[in-house]
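If you want the building blocks of each chain, they are given just below.
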Amino acid sequence: VIGESVALRPVPGMVAVIVEGSVREVAAGVVIRGGRVLIAQRAHPPSLDGLWEFPGGKAEAGESGPVALRRELHEELGVTVRVGDRLDGEVELDPPGRAQGAGPTLLRAYPATIEAGEPRATEHRALHWASAEDLARMPLVDNDRLWIPALQALLRE
Ligand code: 523
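The text that follows walks through the structure, step by step, so that each part is easy to find. This is a predicted model, so every value here is computed, not measured. (Residues numbered from 1 in each chain as written. Predicted model: local features only at pLDDT ≥ 70, side-chain atom pairs only at ≥ 80, totals over all residues. Heavy atoms only, no water.)

## A short note on the site of the ligand
Piece 1. Around the ligand there are 16 residues in total, and Arg42, Phe54, Lys58, Asn143 and Asp144 lie nearest to it.
Piece 2. Take Glu72: an N or O atom from its side chain is 3.4 Å from an oxygen atom of the ligand.
Piece 3. Out of a free accessible area of 590 Å², the ligand has 71% covered by protein chains.
Piece 4. More than half of the atoms of the ligand fall within 2 Å of the grid points belonging to the largest pocket.
Piece 5. Going through the elements one at a time, β1 (24-33) and β4 (56-58) are the ones with two or more residues in the shell around the ligand.
Piece 6. Ranked by residues supplied to the shell around the ligand, first place goes to β4 with three residues. (Near = heavy atom within 4 Å. Polar contact = N/O pair within 3.5 Å; in protein donor to acceptor, adjacent residues only side chain to side chain. Areas by Shrake-Rupley, 256 points an atom, 1.4 Å probe, with all protein chains shown as cover. 1 Å grid on protein atoms, 1.4 Å probe; cavity = no way out; pocket = protein on both sides within 12 Å on 5 of 7 lines; lining within 4 Å. Sits in = over half its atoms within 2 Å of the grid points. Helix = DSSP H or I, 4+ residues; strand = E, 2+ residues; numbered from the N terminus.)

## Quick look at helix α4 (residues 148-156)
Piece 1. Within α4, burial applies to Ile148, Leu151, Gln152 and Leu155. Angular distribution of buried residues about the axis of α4 spans 105 degrees; they occupy a single face of the element.
Piece 2. Looking at the buried positions of α4, the neighbouring elements they touch are β1, β2 (36-41), β8 (126-130) and α3 (132-137). (Buried < 20%, exposed > 50% of the residue type's maximum accessible area, 1.4 Å probe, protein only. Arc of directions from axis to C-beta. Contact = heavy atoms within 4.5 Å.)

Quick look at the structure:
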């Protein structure tokens, strides 16, 4: 009798866990200092080689975006950061070979403040402190362009 099936009864807590567990996040860091924002030039994959991004990476299973970003910026740039409140907007990524029924992977951006260390490119080709004008003219990965207008406004404040 379907109506009496425990498995089909809506249990709000359980639904929340399932939904949260199916979303994957890539967290990108917006590090602003002295009217400029840090961008990093990707070396891979070939389709993104040479393009600039807000550095970051994939959250591992069970890891929040901010925690993942702190780890990634330590691995990639050698800095310790404090992560702020997420910026508006997100971009759905299309990972090749995504399992059917699996949730989306979302690119999200967070402001990050350097607490210790000076950024060094250990996995990127180069780093650049970009002005508002640089953001308009340098080749950024398409996904990251979403945040350019908001950042330009911030940098010009
Ligand atoms: N993006 C992206 N913008 C952006 C980042 C950090 C990542 O569009 N600012 C995309 C690029 C990849 C995917 O997100 O399609 C994963 O980013 P990646 O490769 O930087 O994440 P990693 O380092 O966790 O991935 P692996 O190298 O595979 O471990």
